[in-house]
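Structural overview
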Amino acid sequence: MLSWPAPLLPTLPGTGPVLKVYDTAGGEIVATTPDRTARMYVCGITPYDATHLGHAATYLAFDLVNRMWRDAGHAVHYVQNVTDIDDPLLERADRDSEDWVVLGMRETALFREDMTALRVLPPEDYVGAVEAIPRIVGHIEQLLDAGLAYALDDGTGDVYHDVAQAPGFGSESGYDEATMLGYSAERGGDPDRAGKRNRLDPLLWRGQRDGEPSWPGPRGAAGRPGWHIECATIALDTIGMGFDVQGGGSDLVFPHHEFSAVHAEAITATKPFAKAYVHAAMIGLDGEKMSKSRGNLVFVSKLRGEGVDPMAIRLALLSGHYRTDRAWTAGLLREAEQRLATWRRAVARDAGAPAGPVLHGLRDRLADDLDSPGAIAVVDAWAEQTLAGGDDLEEQAPSVVCDAVDALLGVELQDC
Ligand code: 5CA
Ligand code: ZN
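All right, on to the site of ligand 1 then. Around ligand 1, 24 residues are found, and the nearest of them are Gly44, Thr58, Thr83, Asp251 and Met290. Interatomic distance of 2.8 Å between a backbone N/O atom of Gly44 and a nitrogen atom of ligand 1. Taking His55, its side chain carries an N or O atom lying 3.2 Å from an oxygen atom of ligand 1. Within the complex, the protein chains bury 95% of what would otherwise be the 600 Å² of accessible surface of ligand 1.

Time to look at the packing of helix α1 (residues 53-71) against helix α13 (residues 397-409). Here α1 crosses α13 at 120°, and the two axes come no closer than 8 Å. When the interaxial angle is binned, α1 and α13 end up oblique. Contacts from Leu64, Arg67, Met68 and Asp71 of α1 reach α13 at Asp406, Ala407, Leu408 and Leu409. Looking at side-chain class alone, the contact of α1 with α13 contains five nonpolar, no polar and three charged residues.

This next bit is on the sheet that holds strand β8 (residues 203-207). In spatial order, the strands read β6-β7-β8-β9; together these four strands make up an open sheet with antiparallel pairing. Either end of the sheet is taken by a strand with one partner, and the two such strands are β6 (149-151) and β9 (223-225). Across the sheet, the mean angle separating the axes of adjacent strands is 15° when strand polarity is ignored. Both β6 and strand β7 (residues 159-161) contribute to a ladder of three bridges, which runs antiparallel. Paired with Tyr150 across the bridge in β7 is Tyr160.

Attention now goes to the packing of helix α10 (residues 330-347) against helix α12 (residues 372-388). At a closest axis distance of 9 Å, the pairing of α10 and α12 adopts a crossing angle of 50°. Taken together, α10 and α12 sit at an angle that is classed as oblique. Judged by the sense of rotation from one axis to the other, the crossing of α10 with α12 is left-handed. Contact residues: Arg339, Thr342, Trp343, Arg345, Ala346 and Val347 in α10; Ile376, Val379, Asp380, Trp382, Ala383, Thr386 and Leu387 in α12. Per-class residue counts for the contact of α10 with α12 are eight nonpolar, two polar and three charged.

Reading guide: rules and limits
- Residues numbered from 1 in each chain as written.
- Chains lettered and ligands numbered in written order.
- Predicted model: local features only at pLDDT ≥ 70, side-chain atom pairs only at ≥ 80, totals over all residues.
- Heavy atoms only, no water.
- Near = heavy atom within 4 Å.
- Polar contact = N/O pair within 3.5 Å; in protein donor to acceptor, adjacent residues only side chain to side chain.
- Areas by Shrake-Rupley, 256 points an atom, 1.4 Å probe, with all protein chains shown as cover.
- Axes fitted to C-alpha atoms, helices over the stretch in contact; angles between N-to-C directions.
- Helix = DSSP H or I, 4+ residues; strand = E, 2+ residues; numbered from the N terminus.
- Parallel < 35°, antiparallel > 145°, perpendicular 65-115°, else oblique.
- Contact = heavy atoms within 4.5 Å.
- Nonpolar A, V, L, I, M, F, W, Y, C, P; charged D, E, K, R; others polar.
- Pairing = 2+ DSSP bridges.
- Left-handed = near helix turned anticlockwise from the far one by under 90°.

Structure representation (structure tokens):
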């Protein structure tokens with residue numbers, strides 16, 4: 001699929017530090033250890049209601065990972081998928097009497113526009129589930145041949161992964177069985193489906209149903225792919241096993257990231273799928289998670305349409321830590337607009353407070369598990385000092401700070 005255009009990325013003096021992030025599987029903050037090219041896979045949208053501020057917050061968190069690695073001198077191979085065929089997309093298309101292909105294309109186009117406006121660095125590979133189907137089918141056949149997957153004998157043609165044979169199962173989420181069963185029922189699984197060997201076994205292939213789109217599948221059985229094998233396959237196809245960060249929102253910890261890893265580790269008979277599993281917390285509105293099913297969505301495009309500066313949206317979302325569940329409020333946006341105006345006034349000055357500590361402070365805070373509120377506080381302090389004047393002001397400082405804020409926080413300040 002077409003990705004979106006890359007924003008300019010200023011090069012900063014010196015080299016950034018090693019990035020540390022919280023790994024859900026290990027339950028602790030770990031140093032990332034990329035090779036010359038860092039590899040990251042972030043789960044993309046299911047394109048029927050894009051881009052709400054929860055989506056945006058998640059992609060902004062991983063944009064900081066991307067920016068920190070680049071600042072540390074790495075190339076980054078960033079991959080994102082589009083779940084352009086799945087139950088929720090078909091249900092929405094059905095509800096609105098719309099063609100599911102048109103719906104997916106429209107929402108994906110809107111997502112690209114929003115990501116461009118928010119200055120999110122684009123993925124090198126942006127891959128749709130539909131275009132990956134031939135490779136997905138190959139992987140499912142491989143699992144069937146190895147006796148690790150099985151087809152139900154109820155005539156549906158549905159194929160499941162036999163998790164009892166997956167040694168790593170459970171190690172990504174660390175959840176007990178009761179918790180897994182609860183999330184499985186809530187997040188697209190089918191623990192009560194008759195005929196499965198284990199209630200948690202995830203769907204690999206859904207046999208053709210009346211009125212649903214289908215493609216040639218494993219051993220010639222028409223149908224469509226399950227959700228987790230989509231991301232396992234796209235990651236394997238592009239960045240392979242043992243990549244640095246598998247990312248997404250915390251609602252993907254189980255079952256999605258657990259089973260993507262289980263599938264990929266079974267297909268390749270190696271592990272790990274990812275070195276770290278990193279999860280962004282949920283953005284809510286009025287005390288509830290922002291989600292399509294609850295219908296309490298605030299869209300990036302709606303705010304843009306009202307004339308809100310995308311850089312203020314970016315700053316507002318980054319003013320909370322990515323691992324803290326938090327609410328979107330009008331006050332948060334107002335505060336970010338004021339902050340943006342203050343920063344812009346400061347960088348427009350002929351001279352500013354020394355830039356060295358700002359560059360160091362930004363790198364230090366972001367390297368520490370993406371402490372964006374701490375990084376923002378560093379720039380706030382610099383802007384305050386600069387606007388207050390004084391005798392230690394430096395001529396070069398505003399432009400260095402402007403570049404650092406752009407390169408590391410992704411916030412473009414203009415006039416500097
Ligand atoms: N297509 C799948 C992933 S393969 C999917 O979860 N799509 S989604 O459109 O539902 O979500 C896209 C991304 O936004 C996921 O990483 C998801 O975890 C994240 N996300 C969804 N809702 C929120 C929210 N309220 N706050 C933060 N992140 C969210
Ligand atoms: Zn995914």
